[in-house]
Amino acid sequence: MKNNKTMTSTVKMTFGDKVFYRCLDVFLVFILIVVVIPLWSTITLSFRPNTFIGTNLEGMFLAPWKWSTAAYEALLGNNGFLNAFINSIKILIGGVFTALILTIPMAYGLSVKTLPGRKILNVFVLIPYLFNVGMIPMYLVVTDLGLIDHLSAIFLPGAISTYNCLIMKGFFEGIPEELKESARIDGAAEWYVLVRIILPLSKPILMTIGLYYGVSFWNDFFHAMLYLNDNSLQPLPILLRNILIASGMNEFVEVNAFGEAPIAAIKAASVFMSAIPMVIAYPFIQKYFTKGTLLGSVKG
């Protein structure tokens, strides 16, 4: 009984522990403020009316009933923005699906300890991670494959990330070997072991790696700038870049295309709307994120 009471009793914090946790709370509040202020500034700027006169600090405390939705109406009513948003969604879905389809079997194959030549394959996987082939050879490969002016050119060249593959491989290695052996003894093929045993237990790492790939493809503008010459195929990051460059050079071609909304509000609204898909997806993946990353990296 005494042992049970001792185990269930709460541990008293020392004065040093209390000071440490208070300092930690202050530090986290400071980090929260640093993150929230730019976000709030962007949101209020996107709703700022064209008739507003004042400093940016005064604009941050503008009353909500004085906000204007002109910037969002201009963006949503512009065919170029809607087309770029749809292109980014296509790249996101196609990229994440393709990357997972290719990364999962590769990571599982490298995690099988009885695979012949496993050490040599691991070396070949690490080579492109340590040495980048460069932009020109990659462009020549994409051109020879006929992927210029195709949305698949954005995600196919980087469909398998070495870093993501190694994290997933470490997670697969952490799954008890007895589960795999029992299925193999019953006559199950490797693909059956992967699909029916490994993948149902790997939801944390699948969500985590999918998020990594999704953020990478959604924010990628460099490859789109290289491989997409057709304006109808440009994704959202390219359109946002063009708006920022046009406003920085005092060019009004892009501004006139979006109506009478102020260019500063249009820029802020574009930034905010481009972040919405990732903001929506993250809360659903958050519970898997830490578990998948830690297990994959520790076991790897």
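Conventions and cut-offs
Every chain begins its residue count from 1, and numbering advances along the sequence as written. Confidence filtering applies because this is a predicted model: local features only for residues at pLDDT of at least 70, side-chain atom pairs given and counted only at 80 or more, and all residues used for totals across whole chains, interfaces and linings. Hydrogens and waters are ignored; side-chain quantities use all the structure's heavy atoms. Runs of E in the DSSP output that reach at least two residues are strands. Runs of H or I that reach at least four are helices, and both are numbered from the N terminus. Buried means the residue's accessible area, taken with a 1.4 Å probe over protein chains only, is under 20% of the maximum for its type, while exposed means over 50%, and partly exposed covers the values in between. The working definition used for a salt bridge is a side-chain nitrogen of Lys or Arg within 4 Å of a carboxyl oxygen of Asp or Glu. Here, nonpolar core means buried Ala, Val, Leu, Ile, Met, Phe, Trp, Tyr and Cys residues that are tied together by side-chain atoms lying within 4.5 Å of each other. For every residue, the predictor reports its confidence as pLDDT, a number between 0 and 100. Note on contacts: a residue pair qualifies if any of its non-hydrogen atoms lie within 4.5 Å across the two residues. The pairing test for Phe, Tyr and Trp rings, Trp by its six-membered ring, is centres within 6.5 Å, and the orientation test on the planes gives stacked under 30 degrees, edge-to-face over 60, and tilted for anything in between.

Quick notes on the overall build of the chain
Counting secondary structure elements, the chain contains 16 helices and zero strands. With 300 residues in all, the chain has 35% of them scored as buried.

Observations regarding unusual backbone geometry
For D149, which is not glycine, the phi dihedral falls at a positive 65 degrees. As for its position among the elements, D149 is in the loop between α7 (135-144) and α8 (152-155).

Quick word on the pattern of salt bridges
Taken as a whole and assessed by the stated rule, the structure comprises six salt bridges. One salt bridge in this structure joins R118 and E173, with 2.5 Å as the shortest N-O distance. Separated by 55 residues along the polypeptide, R118 in helix α6 (residues 118-130) and E173 in helix α9 (residues 162-174) bring together distant segments of the chain. Measuring nitrogen to oxygen at the nearest pair gives 3.1 Å for the salt bridge that ties R184 to E181. One end of the pair is R184 and the other is E181, both in helix α10 (residues 177-185) and three residues apart, which spans about a single turn.

Here's the deal with the nonpolar core
L100, Y108, M168, F172, I198, I209 and Y213 are the most contacted members of the largest nonpolar core, which has 50 residues in total. Those elements giving two or more residues to this core turn out to be α4 (70-76), α5 (79-111), α8, α9, α11 (190-198), α12 (203-219), α14 (236-248) and α16 (263-299).

A closer look at the confidence of the model for the chain
Of all residues in the chain, 82% attain a pLDDT of 70 or more, and the chain-wide mean is 79. Highest mean pLDDT in the chain belongs to α5 (90); lowest belongs to helix α15 (residues 253-257) (47). Segment residues 5-9 is flagged for pLDDT under 50; beyond a separation of four residues in sequence, or across chains, it makes zero contacts in the model. Considering only residues more than four positions removed or in separate chains, one finds that residues 296-300, a stretch of pLDDT under 50, has eight contacts.

With respect to the packing of aromatic side chains
Applying the stated criterion across every chain yields a total of ten aromatic pairs. Ring centres 4.8 Å apart and planes at 35 degrees place the aromatic pair F47 and Y72 in the tilted group. One end of the pair, F47, is in the loop between α2 (15-46) and α3 (56-60); the other, Y72, is in helix α4, with 25 residues separating them in the sequence. You'll find F47 and Y72 in the same group, each marked buried. Ring centres of Y163 and Y212 lie 6.5 Å apart, and the angle between their planes is 40 degrees; on these two criteria the pair is classed as tilted. Of this pair, Y163 sits in helix α9 while Y212 sits in helix α12; the two residues are 49 residues apart in sequence, bridging distant segments of the chain. On the basis of relative accessibility, which here comes to 23%, the residue Y212 falls in the partly exposed class. Ring pairing ties together the aromatic residues F81, F85 and W218, which thus form one cluster.

Remarks on the environment of F217
Position of F217 among the secondary structure elements: in helix α12. Setting aside its immediate chain neighbours within four residues, F217 contacts I91, G95, V96, A99, I154, F155 and G158.

Here we look at the side chain of Q234
Along the chain, the position of Q234 falls in the loop between α13 (222-227) and α14. Once you skip the residues sitting within four places of it in the chain, Q234 turns out to touch A84, N87, L239 and N242.

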